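# Descriptive structure summary
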Amino acid sequence: MKNLLLILLLISFSNLGFAGGTVLECARLIDVENGKVLKNQQILLEGERITDVGKNVSAGEDAQRISLDTCLPGLMDMHVHLDGQLSRNGYIKRFQNNATDQALLAAHYANITLQAGFTTVRNPGDSYNSTIALRNAISAGIATGPRIFSAGKTLASTGGHGDPTNGFRHDMMSDPGPEEGVVNSVQDARKAVRQRYKDGADFIKITATGGVLSLAKNGQNPQFTEEELKAIVQTADEYGFHVAAHAHGAEGIRRAVLAGVHSIEHGTYMDDEIAQLMIERGTYYVPTITAGMFVAEKAAEDGYFPAVVRPKAAEVGPQIAGTFARAWRAGVTIAFGTDCGVSPHGSNAQEFVYMVEQGMPAMEAIQSATLTTATLLGQQNQLGSISKNKLADIIAVNGDPLEDISILSEVSFVMKGGLVYKNE
Ligand SMILES: [Zn+2]
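An account of the accompanying structure is given in this report. All values reported here derive from a predicted model rather than from experimental measurement.

## Structural notes on the overall build of the protein
- Scanning the protein for helices and strands turns up 15 helices and 14 strands.
- The C-alpha radius of gyration of the protein comes to 22 Å, within 12% of the 22 Å expected for a compact globule of 424 residues.
- Projected onto its principal axes, the C-alpha positions of the protein cover 70 × 55 × 40 Å.
- A buried classification covers 55% of the 424 residues belonging to the protein.
- By sequence separation, contacts in the protein at least 24 residues apart represent 70% of the contacts at least 6 residues apart.
- Counting 35 positive and 46 negative side-chain charges, the protein places the averaged centre of each group 3 Å from the other.

Next up, the structure:
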């Protein structure tokens, strides 16, 4: 009996990849670290990691071999909201969906996102901490999706972009506080960050200015005091969080950058002076051009948005592409992000097309969604390139995305942590 157990153990270990490993044979490999395309490369995998890359890796005879065209690191989107999808009259769902509904939506959209080649996402704001639960389920192997870095519930001020009761009937509005993510003092700010720590968030998301889709009039005004922002960033720092700031108007962006946030999301009315400040401070810019384009398009349709949202969508949406181009030319570090959940989940790669249209070379656009995003998350030793000892998050497409960036919308192969999720 003991011998049988030993044999079974040995067999199961060998199935974990200790025998020959897996070799991906890539006609092209996008080497994002050196900004080069390498021909005829092999990637040797054992378990969840890459153990060798080169023209001729030494794999065992029984190694599994998979032939692919262009291999590149798994893509990373720094701004998605997995637990919902914008739709005509979608605001009513806030009164219909329970926490469990949100969690199931998140699981559904996470799978779509992974199938689109995005193996890591940052989720800056959800309802009921649904994406924290999903992150845990994916790590435990009981749900399928990308690696998730979740902020849980966004922090806002009363009536601000992330106040969850905006637009409600007065007797239903109540007065949400730090636990629900609504902050109106330095003390609230600290408590709200500590609550996110207790909730199990990975980082902090704040709405530093008004926003487009909230049921409120102003899409640009600053919505935190400088003291509140500093208290958020300082407390976040003490708990090992970085802070991502949604911001459209210039004053709110400036305050957030000066307070020391890690990234500016959207950044619509960023001026040259703020761009310089971001370069000096090393603040990342996550543009979300896709979201801007999508809401501008929908603003043209009668009845798609509530009356208070429509003019904001029409005004703010078309600005972001131009802001991206100016910020990038000035030298601001661009980290890829789409705001999918506004635009349809799975359409993430459309952002590459917009970036390249604005003049960014295709290689640089790919680097912004791999190397730069890994660094933004502090995961540069684990993720972001096809390199020895990193996690095996690898995708493939047919054709050369440096010649036609839109190819990235048709991913044929997806591997995350050494497991294959798509191979067409
Ligand atoms: Zn967002």
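## As for the coordination of the zinc ion
- Donor atoms from the polypeptide that bind the zinc ion are His 79 (NE2), His 81 (NE2) and Asp 339 (OD), placed at 2.0 to 2.6 Å.
- Of note, the donors binding the zinc ion are all from one chain and are spaced H-x1-H-x257-D. Placement of His 81 in the loop between strand 5 (75-77) and helix 2 (93-96) and of Asp 339 in the loop between helix 12 (320-330) and helix 13 (350-357) is noted, with a sequence separation of 258 residues between them.

## Comments concerning the environment of Asn 111
- Residue position: Asn 111 is located in helix 3 (residues 99-115).
- Distance from Asn 111 to Thr 144, taken between C-alpha atoms, is 5.7 Å for residues 33 residues apart in sequence.
- Apart from residues lying up to four places away in sequence, Asn 111 is in contact with Thr 144 and Gly 145.

## Remarks on the side chain of Asp 126
- For Asp 126, the location among the structural elements is in the loop between strand 6 (118-123) and helix 4 (130-139).
- The buried charged residue Asp 126 lacks any salt bridge, with Arg 196 as its nearest oppositely charged partner at 7.6 Å.
- Within the local environment of Asp 126, its side chain forms a polar contact with the backbone nitrogen of Asn 129, the two atoms lying 3.3 Å apart.
- Within the structure, the side chain of Asp 126 is placed 3.2 Å from the backbone nitrogen of Ser 130, a separation counted as a polar contact.

## Thoughts on the packing of helix 8 (residues 250-259) against helix 9 (residues 272-281)
- Relative orientation of the contacting elements helix 8 and helix 9 amounts to 15°, with a least axis distance of 10 Å. In terms of their interaxial angle, helix 8 and helix 9 are classed as roughly parallel. Between helix 8 and helix 9 lies a crossing of left-handed hand. Where helix 8 approaches helix 9, its residues Ala 250, Ile 253, Arg 254, Val 257 and Leu 258 are matched on the opposing element by Ile 274, Leu 277, Met 278 and Arg 281.
- Looking at side-chain class alone, the contact of helix 8 with helix 9 contains seven nonpolar, no polar and two charged residues.

What counts, and at which threshold
Residues numbered from 1 in each chain as written. Predicted model: local features only at pLDDT ≥ 70, side-chain atom pairs only at ≥ 80, totals over all residues. Heavy atoms only, no water. Helix = DSSP H or I, 4+ residues; strand = E, 2+ residues; numbered from the N terminus. Rg over C-alpha atoms; globule rule 2.2 N^0.38 Å. Buried < 20%, exposed > 50% of the residue type's maximum accessible area, 1.4 Å probe, protein only. Contact = heavy atoms within 4.5 Å. Lys, Arg positive; Asp, Glu negative; His and termini not counted. Charge placed at Lys NZ, Arg CZ, Asp CG, Glu CD. Donors = N, O, S within 2.8 Å, 3.2 Å for Na, K, Ca; no water. Salt bridge = Lys/Arg side-chain N within 4 Å of Asp/Glu carboxyl O. Polar contact = N/O pair within 3.5 Å; in protein donor to acceptor, adjacent residues only side chain to side chain. Axes fitted to C-alpha atoms, helices over the stretch in contact; angles between N-to-C directions. Parallel < 35°, antiparallel > 145°, perpendicular 65-115°, else oblique. Left-handed = near helix turned anticlockwise from the far one by under 90°. Nonpolar A, V, L, I, M, F, W, Y, C, P; charged D, E, K, R; others polar.

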